[in-house]
Each structure stands twice: as structure tokens, then as C-alpha cells.
Amino acid sequence: MHAELLITHTHLATMNEAFGFDLYRKDSEPYGQVTDGALAISQGKIIWLGKMQDLPPIKAEQVWNAKGKWLTPALIDCHTHLVYAGNRSNEFEARLNGTSYEAIAKQGGGILATVNATRQASFDTLCQSAEKRLRDLMAQGVATVEIKSGYGLDLATERKMLKVARHLADKYGIMVKTTYLAAHATPQEYQGREAAYIEQVCEWLVILAQEGLIDAVDAFCEHIAFTPAQVKRLFEQAKQLGLPVKLHAEQLSDSGGGGLVAEFGGLSADHIEYLSEESIAKMTQAGTVGVLLPTAFYLLRETQHPPITAMRQAGLKMAVSTDCNPGTSPSTSLLLAMNMACTLFRLTPEEALAGTTYHAACALGIQHHKGKLAVGYDADICLWDIDRPADLSYLIGQNRLAALYIGGKAVAFQPQS
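Residues numbered from 1 in each chain as written. Predicted model: local features only at pLDDT ≥ 70, side-chain atom pairs only at ≥ 80, totals over all residues. Heavy atoms only, no water.

Before going further, it helps to spend a moment on the environment of Val34. If you trace the backbone, Val34 turns up in strand β2 (residues 33-42). On the accessibility criterion, Val34 (6% relative accessible area) is buried. When the C-alpha positions of Val34 and Met52 are compared, they lie 9.6 Å apart, and in sequence the two are 18 residues distant. Those residues in contact with Val34, other than ones at most four positions away along the chain, are Thr10, His11, Leu12, Thr14, Phe19, Gly50 and Lys51. (Helix = DSSP H or I, 4+ residues; strand = E, 2+ residues; numbered from the N terminus. Buried < 20%, exposed > 50% of the residue type's maximum accessible area, 1.4 Å probe, protein only. Contact = heavy atoms within 4.5 Å.)

Here we come to the pattern of salt bridges. When the charged atoms of two side chains with opposite charge come close together, those side chains can pair. Taken as a whole, this structure holds 19 salt bridges when the rule is applied. Each of the salt bridges in this network shares a partner with another, and the network as a whole consists of Lys45, Lys370, Asp378 and Asp380. (Salt bridge = Lys/Arg side-chain N within 4 Å of Asp/Glu carboxyl O.)

What the domain assignment reports for the protein chain is domain 1 (2-73 + 372-411) and domain 2 (75-363). Computed from C-alpha atoms alone, the centre-to-centre distance between domain 1 and domain 2 is 30 Å. Listed as interface residues are 25 residues of domain 1 and, on the opposing side, 26 residues of domain 2. Interface area for domain 1 against domain 2, summed over the two sides, is near 2,100 Å², with a carbon-plus-sulfur share of 68%. Of all residues in domain 1, Leu23, Tyr24 and Ser393 bury the most surface against domain 2, accounting for 28% of the area lost on that side. If you look at where domain 1 meets domain 2, you find zero salt bridges. Taken together, domain 1 and domain 2 are joined by four residue pairs in polar contact (both at pLDDT 80 or more). Counting only elements with at least two residues in the side of domain 1 that touches domain 2, the list comes to β5 (70-73), β14 (381-384), α15 (391-394) and β15 (401-406). (Domains from an automatic or database assignment. Buried area = accessible area lost by both parts, 1.4 Å probe. Polar contact = N/O pair within 3.5 Å; in protein donor to acceptor, adjacent residues only side chain to side chain.)

Here it is as C-alpha cells:
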């Protein structure tokens, strides 16, 4: 057997059921862990992993003794608004002085403030700012990221944002899944004509899909955004185009969005603080992932917790993401989101790591080649200088990433300030 890289004397958190990983079985092997193990890579894929004592003869171009460090799948940030212009720290101050999120939105702030700035920004300006955020994510072990549009709310700017996302993928050799989110808010020019705007969003969807810029379709289903009926109209158009759907759902109230996206076999319902038992059942049956966004919950000082116990009892997959955006989660730390998911929502560290690896891959529909350490999977891996996998959720503000490999190639850089 030939390998380009053989990593020896490492501990593996495989997140792989073949090594005993199962969050909902009491006799499972935590993290699917393998102590004193090895992993071999060839042509960007994992070709062998297991215990050192079982290591077969492998002729490797490079052998790296990890000296007891931990290997995990590279992290996946499955919900971001990474491409935007402008600054909304003024809203952060306003909320701390008692103004509600809804009130700020009605006063022309919120999403529409970012829309105005993003429409005015050039392609290069958006690239430069988003690139800094992407590098920060990668510096914490992220090798796959979802990037939404939704700060354009017109065809030209939505296209511009999606092209920026594609450019970042090409430049950094990282997988970027693009999500069309024109149904994020109603722009000023369509105020009071939400139904007409949704029809326009559907028309743009066809155009941008034909241009190859869209991997999935999203919407914001909420009383300050779009109704379930309006979202359904958009999802029907996406279905005709063969595009998967996901949804900002149940962040401020229960509108049945989780159940709606499940009815379309959707990838995920995200935020889900007000998720009902009925929607949990529908999502579990459909395989729709529940994406938790604890940093937004924290920054908005919300008090309604997602129904973690009910989701856990149902066996619903739960992912964890940064929700990186300028208004409610200006964060590029997926490790911090993992800590918050544990401390605020009571996830276990094993659930948090699953939520940023395999379950996050499921939320993007890429679970057949990313999200766990398995033979044939992409060699997107992180090497961590930690004592045990729980440290990734336990340590606050401490980045113990020793190495990041994307497609079997080492990524060496420093985050930009």
C-alpha cells in the first residue's frame, strides 16, 4: 500500500460508527475514538486508519509522528453569512440600551442596514472582508463552510455575493457550499408587497441556478420576515430546479417552519429555539438536521432555549454553527460556538464535536465524503494539541490546532487582523 502521508502515534476521534461512535447508544465508544493509532492519506483521500498495532505495511512518502496529539475530522461551519459589508456595532449598543431586535429592524436597521452597505460595496471589497473572516475560521480548523447570500435582495447583489463565495473556494481550495437567501427580508422597494417580492425571488432563483451559483435555497420564516405560505412557494420553485432547501426557523416564535422544511425533505432547520414536538417528529423522519446557533442566542440575550432534550430523545441530528453575520453573531470562532452549545444548551462535548463534523456534513448534504474519519473520505483533518476531545469544547479562547489538512494538503497561514 502506498501513501503520500502516514500519521503515526496519534489518537483518533473518528466520529465513525465503524469504530463504535453512536451518540444514542450507551455502550458506544465515545467519539469513535482510537488510541495510539495511525492514519494514511493518498490522492486526497483517507486510505487506512486504525490502531498502530494493526498498521499494515505502508510505503509512505512522508511519515509524521504525532506524539499523542489528537486527530479529528476537519470542522464544518454549516451556517454563515460570511459575505457582507458594513458594521452594525451601533445596533449592539442599542440592544444593550433596551431596544429590541424587532424594533431595530422596523427602524431600517437590522438586515436592511447591511443590505444597503453590501449593495454599494464592490466585488473586490466584499472579497477582501470575507477573506479575513474565512481565514479566521480556517485557523480554527474549519475546512468546509456554507456561505449564504441574502444581503443583496436584488439580482445584481445576490449574484455578486454568490460569486464572491465561489471565488473564495477557488482561492483557498476549501469547500464552500453556497446558499441562496434572497428571502431574508423584504427590501425597501417592495415594502407592503411581500408576495410580489417572493415571486421576484423565484425568478432570480431560476436565473442564478442556471448560472451554477446555487447549491441550496434558504429563507427566513418568521413574523418579521416571511410566512410559511410564502416560503412554500419558494421551496416549490427550488424543488422544480432540483435544489435542496433549508430554513431559518423558529428563532422568535413557532411558525411551523421546522415541519415545513421537513415536508420538502430539507437539509436543515436553523435556530429552532421555539421548535415544536410536532416539527421535531417530522424532521427526524425526514432526516432534516437541527442547526443550533448559540452565539446568536447569546448575543441577543435570548431566554427561550432550543428543546435539546426532546430532540435528543427523538434521535434528531443536531449541528452547531457560528451563524457568522454582522448583526446577531459577529463571530468567526466555531470553537466558541461549541463551548456555548455545551454551556448554554447543555450539549455534551461529544454532541458538540459531532455537531461541527458529521452532523454539520449532514446539514450540507455532504456526509458521504466529509465529516468523519473513514476510508474513502476526503482527507480533511485537524491535528490538535489537546489531552482529550472534550478540550475542544472546554477550553475557552484557546486554539490548540497544530495542523490542518484539506484534501490531504497541509494549510499553513496566520489569520489576518
